[in-house]
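Topology and contacts: notes
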Amino acid sequence: MPDAALSAEDRLDVMGVLASYALCLDSGDVEGLLENFHADAVLDHIAGRAVGHAGIRQWAEGLMNGGRVGGTPAQLRHFVGLPYVEGDGERCTAQTYSTILTYNAEKAVTVPLVGSYHDTLTKRDGRWRIQARTIKGDLGRAGRPRE
Amino acid sequence: MANAAPLSAQDRLDVMALIARYAVVLDAGDVEGYVSNFAPSGVVEYSGGRCVGRDEIRAWVGRLVSINQVGPESRLRHVLGIPYIEGDGERCSARTYVMIPRQGEAGEIAIPLVLTYVDSCVKRGGRWLFEKRVIQTDLAAPSRRTD
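What counts, and where the lines are drawn
- Residues numbered from 1 in each chain as written.
- Chains lettered and ligands numbered in written order.
- Predicted model: local features only at pLDDT ≥ 70, side-chain atom pairs only at ≥ 80, totals over all residues.
- Helix = DSSP H or I, 4+ residues; strand = E, 2+ residues; numbered from the N terminus.
- Rg over C-alpha atoms; globule rule 2.2 N^0.38 Å.
- Buried ≥ 20, exposed ≤ 12 C-beta atoms within 10 Å, placed from the backbone.
- Contact = placed C-beta atoms within 7 Å.
- Core = buried A, V, L, I, M, F, W, Y, C linked by C-beta atoms within 7 Å.
- Pairing = 2+ DSSP bridges.
- pLDDT = per-residue confidence, 0-100.
- Expected span 1.5 Å × (residues − 1).

So, the overall build of chain B
A tally of regular secondary structure across chain B gives three helices and seven strands. For chain B, the sequential pattern of α-helices and β-strands runs α-α-β-β-α-β-β-β-β-β. Against the globule reference of 15 Å for 147 residues, chain B gives a C-alpha radius of gyration of 16 Å, in line with a compact fold. Each principal axis of the C-alpha atoms in chain B carries an extent, and together these give about 55 × 30 × 30 Å. A total of 147 residues make up chain B; the buried ones form 32% of that total.

Structure (structure tokens):
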């Protein structure tokens, strides 16, 4: 049983992981992105599941090959909101909204998707990383709930 | 600095507060509040130019407020993402996404700009200040694009 409570330092470290994920993905920095995941992490995204660094790398590179994610000049941003973090000093969960900002056909900035990240993070060797992430589409064409 | 203290949780919260205060005072049109966020030799770089020192920063932002490009009559807000902060107890860097929603004449809301603030911060007299802020344009509506 963990004997440490989730400290302010822990919460800020978790927020740093969530911020880094978006910055790395949007800048095309795959190695930096993987630093935010444990080697055995699982990522459930809207189109399937990626397992481990190899699977997450393949997923990220697939997104980037699409031309919008990680492109220069920027074509898309993952705008991450304030996370709700609960847990202890070794393991926690975080729920975070993410607003996707990109250009539409008229080259105006638009919001095609508002999603949420449902994360489990664990601290190993003093460092927080994502153990499991589920990406849900909440609003928008890609994620609209079935009616 | 080689012997600087580590970046503490309090430091990170203070830097977050600095970044948040920048947006609040800018949207309120509080020019002196805006200027007070910068070190005396602070620098702002933006797509159209560069200000060095508080006098130049005051003149620049004062003009933006006077023509309602920012401030309470501008009908826009600087909405911040989670800052990614790295450094030590005396100096740090931060990167923060910024989304700028703006209300049009008919009440519709558009997002003309998505930015990244790339900051260098220093602690002077126990208070964190911007030593340099680079306002990087990531996504821009056609009317705001310079390229």
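Alright, that's what it looks like, and here's the rest.
Some details on the interface of chain B and chain A
Between chain B and chain A, the contact holds 17 residues from the first and 19 residues from the second. When contributions to the side of chain B that touches chain A are tallied by element, the ones reaching two or more residues are helix 1 (9-28), strand 4 (84-87), strand 5 (91-103), strand 6 (109-124) and strand 7 (127-140) of chain B.

A few points about the nonpolar core
Val14, Leu18, Ala19 and Leu101 of chain A together with Met99 and Val114 of chain B are the most contacted members of the largest nonpolar core, which has 65 residues in total. With 11 residues, helix 1 (residues 8-27) of chain A is the largest single contributor of residues to this core. The contact partners of Val14 of chain A, leaving out residues within four places of it in the chain, are Pro83, Val85, Cys92, Ala94, Leu121 and Trp128 of chain A.

With respect to the environment of Ala39 of chain A
All names here are of chain A. Looking at the element boundaries, Ala39 is found in strand 1 (residues 37-45). Ala39 sits 12 residues away from Val51 along the chain, and the two C-alpha atoms are 8.9 Å apart. Other than its neighbours up to four places away in sequence, Ala39 contacts Gly52 and His53.

Quick word on the environment of Val25 of chain B
Positionally, Val25 of chain B belongs in helix 1. A C-alpha to C-alpha distance of 18 Å links Val25 of chain B and Glu45 of chain B, two positions 20 residues apart in sequence.

With respect to the pairing of strand 4 (residues 84-87) of chain A
All names here are of chain A. Two elements, strand 4 and strand 5 (residues 91-103), share four bridges in a ladder whose sense is antiparallel. The partner of Glu86 across the bridge, within strand 5, is Thr93. The antiparallel hairpin formed by strand 4 and strand 5 contains three residues in its connecting segment.

So, the confidence of the model for chain B
Taken as a whole, chain B shows an average pLDDT of 94; of its residues, 97% reach a score of 70 or greater. With pTM at 0.91, the complex prediction returns an ipTM value of 0.87.

Details of unusual backbone geometry
Here the bond from Thr72 of chain A into Pro73 of chain A is cis, since omega is -5 degrees, no more than 30 degrees from zero. Mapped onto the elements of the fold, Pro73 of chain A is located in the loop between helix 3 (52-65) and strand 3 (76-80). A positive phi is found at Asp125 of chain A, a non-glycine position, where the angle reads about 50 degrees. As for its placement among the helices and strands, Asp125 of chain A is situated in the loop between strand 6 (109-124) and strand 7 (127-140). A positive phi angle is found at Asn68 of chain B, which is not glycine, with a value near 60 degrees. Within the element layout of this structure, Asn68 of chain B appears in the loop between helix 3 (53-66) and strand 3 (79-80). Assessed through the 13 C-beta atoms surrounding it within 10 Å, Asn68 of chain B is described here as partly exposed.

Overview of helix 1 of chain A
Residue and element names in this part refer to chain A. Taking 1.5 Å of rise per residue, 20 residues should cover 28 Å, and helix 1 covers 28 Å from first to last C-alpha, within 8% of that figure. Of all 20 residues that make up helix 1, 14 are buried, and the element is covered over most of its length. Gly28, located one to two residues past helix 1, shows a positive phi value of around 80 degrees.

Observations regarding the environment of Ala22 of chain A
Residues and elements named next belong to chain A. Turning to its location among the elements, Ala22 is positioned in helix 1. As a C-alpha pair, Ala22 and Lys107 span 85 residues in sequence and 22 Å in three-dimensional space. Apart from residues no more than four positions distant in its own chain, Ala22 is found in contact with His78 and Val80.

Some points on the pairing of strand 5 of chain B
All names here are of chain B. Of the pairings in the sheet, the one linking strand 3 to strand 5 comprises two bridges and is antiparallel in character. Along strand 5, the bridge assignment pairs Leu80 with Val98. Sheet topology places strand 4 next to strand 5; four bridges connect them, and they run antiparallel. Residue pairing across strands places Gly87 opposite Cys92, the latter belonging to strand 5. Counting the residues that bridge the hairpin from strand 4 to strand 5 gives three residues.

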